[in-house]
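So you can see what is in the structure, the chains are spelled out below.
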Amino acid sequence: MNKLKQNLHRVLSAILAVSMLASCGSTAFAAQQNSYHDPAEYWLESASRMNELDGNAIVTHETMACGECLRETMFTCFRTPEYSRTGESALNRNVRYSDGTMYSGTGKGNVDAGIPKKGGYYTRHHWAKAVCDVCGTVNSNMNKQTDYGYGKNVYWVYDCAAAFMQELSETVSYEYADSKYHTKKTETGDYCGFCYGTHKTELSELERHDLEKKVTSQLSNQRFVLKESCRMCDYERNDFVTAKSVVANYYGIADGQPHTVTVTELSDSDVHTEIRYGNSADSCTLATAPNYTEAGEYLVYYQITYTCNGTEMVENGVAYVMLRKDGVTNPDGSCSCGCGTPDCGCQDPSCGGNDCGCKKDTNCNGGEHKYIQLDSTKATCKELGYDRFICKDCGKIEKRNYVNALDHAWQRVQVREATCETDGKEIEICSRCGEVKTSNTPKGEHKWATHSVKATCTGAGYTVKECEICGERNITDITAALDHSYKTRVTLATCESGGHTTHLCEKCGSSFVTDYTNPLDHRWDKGTVVSNSTCNGAGVTEFKCTRCGAKRIEGNAAEGHTPGEAATCTKPQLCTKCGAVLADATGHNFKKDVTDATCTEMGFTTYTCENCKISYKSDYMKQL
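Conventions and cut-offs
- Residues numbered from 1 in each chain as written.
- Predicted model: local features only at pLDDT ≥ 70, side-chain atom pairs only at ≥ 80, totals over all residues.
- Heavy atoms only, no water.
- Helix = DSSP H or I, 4+ residues; strand = E, 2+ residues; numbered from the N terminus.
- Buried < 20%, exposed > 50% of the residue type's maximum accessible area, 1.4 Å probe, protein only.
- Contact = heavy atoms within 4.5 Å.
- Pairing = 2+ DSSP bridges.
- Axes fitted to C-alpha atoms, helices over the stretch in contact; angles between N-to-C directions.
- Salt bridge = Lys/Arg side-chain N within 4 Å of Asp/Glu carboxyl O.
- Core = buried A, V, L, I, M, F, W, Y, C linked by side-chain atoms within 4.5 Å.
- Polar contact = N/O pair within 3.5 Å; in protein donor to acceptor, adjacent residues only side chain to side chain.

Chemist: Would you mind showing me how to read the overall build of the chain here?
Modeler: Regarding its fold elements, the chain presents two helices and 38 strands. In the chain, which comprises 624 residues, the proportion classed as buried is 33%. In the chain, of all internal contacts separated by at least 6 residues, the share reaching a separation of at least 24 is 45%.

This is how it looks when you write it as C-alpha cells:
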C-alpha cells in the first residue's frame, strides 16, 4: 500500500509539474521529498508572512526554463496550502500574489490569510514560488515581460486541481460516552498531492459498547475480579466475587469417635470450590479430610481450587486436629467405672468401681496421697482448663486449678463492601479455635449527583438525580419546551447563487428556509484587452460583471505570421510583423560554362547562378 502511494505521488508530481509549468515554456519533472502530513497539525506561525509560507512549504526539485540563464535548469520549488478566514481563495478577489498584488500586476487586494485551527480554512488552492538553483533568481520560470512575480520573492496562488487530490485513509476513533454507549468518530477527506492541503470530514455517532469480559484472580484478597471492558473505547467496570473457604482446626478429646477439621464455605454462588486433602503439602489427593480417633496432634494439609468462569486460583494451607487423652467419661460427666464420682479419674472402665480405690478411704494405705502433677489442659474458647495430679503410690488422679473458658477471640474480615447494588458480607474467625460465623450487611445508599437541564425550544427542562455508583437516574421537575423565536433574514439572489429567506430561532439556532429565487446570472461588459495577440501567442481579454464585479479571462487566438518577400538566394523570408524567419534563404544554383585554352589565351570555367544571374570565373587552364 505504501509503495502504491509513493508511486502515485511520483506520477502526480510529474503531471502537475508539466501542467503548471507548460504555460511558462518549461520541461519539468518533480520529485516529492516530504512524506504526507496534514499541514494544519504542524503549522508554524511567524510574524513575517514570507517566513510563514516558507516554513510550511512542501519542497520539490523540478527542471524548468530559466529566463535569466536562457536554458533549462534545476529549480527548488515551494508550495504551501492557502488558508483564508472565509475559506475562499484570494483568486476569488482577483488577488494573485502573496503580497496582495492583483492579477494584473498592479493594485493591492485583500489576501484574507488565515491560520489553520485558528479561524483559517483550506481553500483547495496553494501558494507557489520557484528559485533557480543556477542563478538564484526567484520565479525566473515566469514571463519576464508580463508577470509581476518575476524576480520578486513572492508566492503566486494556484488551484489544487481535482486531478491531483488524493483520498485520505479512513480513520476511526472511539470516546467514552456513558456506561452503555461510546461515540464513534469516523474521519475521511482528501488532500492535494503537492501542497498537502487537507480537507477533512468527520461523522460522529453513538454505538453500544463492544464488551469483553475477563476474570482475574486475587488470592490475597480472596476474590475474583470480573472486568467488563469495551474493545473500542476506555470504558471498564469491575465486579468482585468472593472466593473464601475456611478450614478450621479441631480441638477435642480422644473418645474413640473419628474427628477431623471443619470447613465453612463462604464463596459467592458464581464460584465453584473443590478441596483436596493429604498428609503432606505435595500430595493433596484425598476428596475427604482424614479422620483421627487416637490422642495426638495431626497435621491436615489441604489444597482449595476456586473456579470462576473458567479462571482458577489455588490456595494451599494446613490445619490441625488435636485430640487429648483424658479419663473415659460418660456424656453426663460421671465416671465410667460406676462409682458416681465425677473426679474419680479411673483409667479402667472395667473395674466396676471396686478396685480403683474410689470407694476406699481418701487415705492412701491409711496415709496421705502423694500427688505429683501429671499434665495440664489449657482452657479453650468453650472448655475449662485444669491441671491433673496423680498419686505416685496408688495412681489416684485429681483435677485441680480450674481456669475459666476463654471465650472466642473474634477477628472480623470484610469480604465484600456494601454498595447500592449489592449487600456486603463479613466473616468473623476465632483466632484461637478457628470457628467461623458470617453475616451480611444491608445494601448501602445511592450516591446521588444532581444537575438541572433547562428547557429549550427543542426539548423539555428537567432535574436529573444520577447515582455515581450504579448509574440509576431519577428525573423530576419536568417543564414544557419553549416556543421558537424566529428571526427572518433575506438573502438576495446574486449572479451565481439564488436568493432565499432564512428563519432562524434566536434561542436554539434551529432554522428553515423559504422563498427560493433563481440566480441572476452574470452581466458581462464588452471586455478589456489585457494583452494583445501576437503572431504565435494568444492574447487575453478580461470581462467584468457589471452587477457583482466578478471577472473572467478569455484567450484570443494567435494572429499568425504575415509573410514578407519570398526568400532569395541570399535573403530569408521574414514575417512583416514580428520579423520571424518563415523560410530560409534558398542559396545559389550555379551553372558551369567552360572556355577552352588557346595558343594566346588561358582557359577557364564560368559559374553563373540561374536564379539571380550572379557569376564568377574559376578553374583557369594554361595557354597551349
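Chemist: Even after reading the chapter, I still don't get the sheet that holds strand β16 (residues 272–278), so can you show me in this structure?
Modeler: Backbone hydrogen bonds are what pair the strands of a sheet, in a parallel or an antiparallel way. Ordered by their spatial adjacency, four strands build an open sheet running β14-β18-β17-β16, and the pairing between neighbours is mixed. For this open sheet the edge positions go to β14 (250–253) and β16, each flanked by a neighbour on one side alone. Direction aside, the axes of adjacent strands within the sheet are offset by 25° on average. Inspection of the sheet shows β16 paired to strand β17 (residues 296–308) by seven bridges, in the antiparallel sense. Its bridge partner lying in β17, Ile275 is registered against Ile304.

Chemist: Before we go on, may I ask you to explain the sheet that holds strand β37 (residues 603–609) in this structure?
Modeler: A sheet is described by the order of its strands in space; here three strands give the open sequence β36-β37-β38, paired in antiparallel fashion. With one partner strand each, in any of the chains shown, β36 (590–595) and β38 (615–621) form the two edges of the open sheet. Mean inter-strand twist for the sheet, computed between neighbouring axes without regard to direction, equals 20°. Across six bridges, β36 lies against β37 in antiparallel orientation.

Chemist: Sorry if this is basic, but what is going on with the pattern of salt bridges here?
Modeler: If the charged atoms of two oppositely charged side chains come close together, the side chains can form a pair. Summed over all chains, the structure comprises 20 salt bridges. One salt bridge in this structure joins Asp99 and Lys108, with 3.4 Å as the shortest N-O distance. The structure contains a network of salt bridges with shared partners spanning Asp38, Glu41, Lys117, Glu187 and Lys200.

Chemist: What am I meant to see in the nonpolar core here?
Modeler: Where a protein is soluble and globular, its nonpolar side chains tend to be buried together. Counting residues in each nonpolar core, the largest one holds 20 residues, and the members touching the most others are Phe224, Val261, Val271, Tyr277, Tyr302 and Tyr306. The set of elements that each furnish at least two residues to this core consists of β16, β17 and β18 (311–324). Here this core takes five residues from β17, the largest share from any one element. Excluding anything up to four places from it in sequence, Val271 contacts Phe224, Val241, Thr242, Ala243, Tyr306, Thr307 and Cys308. Membership of the second largest hydrophobic core comes to 11 residues, among which are Met50, Ala57, Ala90 and Met102.

Chemist: Explain the pairing of strand β8 (residues 181–192) here, please?
Modeler: Both faces of the sheet carry side chains from a regular strand, because those side chains alternate between them. Relative to β8, strand β6 (residues 165–167) runs antiparallel, the two sharing three bridges. By the bridge assignment, Glu167 is partnered in β8 with Asp190. Pairing between strand β7 (residues 171–176) and β8: six bridges, direction antiparallel. Within the sheet, the bridge partner assigned to Thr171 lies in β8 and is Glu187. Strand direction decides the pairing type here: β8 and strand β9 (residues 198–208), joined by 11 bridges, are antiparallel. Paired with Lys184 across the strands is Glu205, a residue of β9. Taken together, β8 and the strand that follows it, β9, pair antiparallel across an intervening segment of five residues, in which Tyr196 is found at a positive phi of about 65°.

Chemist: Help me out: how do you make sense of the environment of Thr80 in this one?
Modeler: Summarising the element assignment, Thr80 is placed in strand β3 (residues 71–84). Distance in space between the C-alpha atoms of Thr80 and Glu52 is 9.3 Å, their sequence separation being 28 residues. Beyond its immediate sequence surroundings of up to four residues, Thr80 is in contact with Trp43, Leu53, Asn56, Ala57, His126, Trp127, Tyr155 and Cys195. Separated by 2.7 Å, the side chain of Thr80 and the backbone oxygen of Leu53 make a polar contact.

Keep in mind these numbers describe shape, not what the thing actually does.
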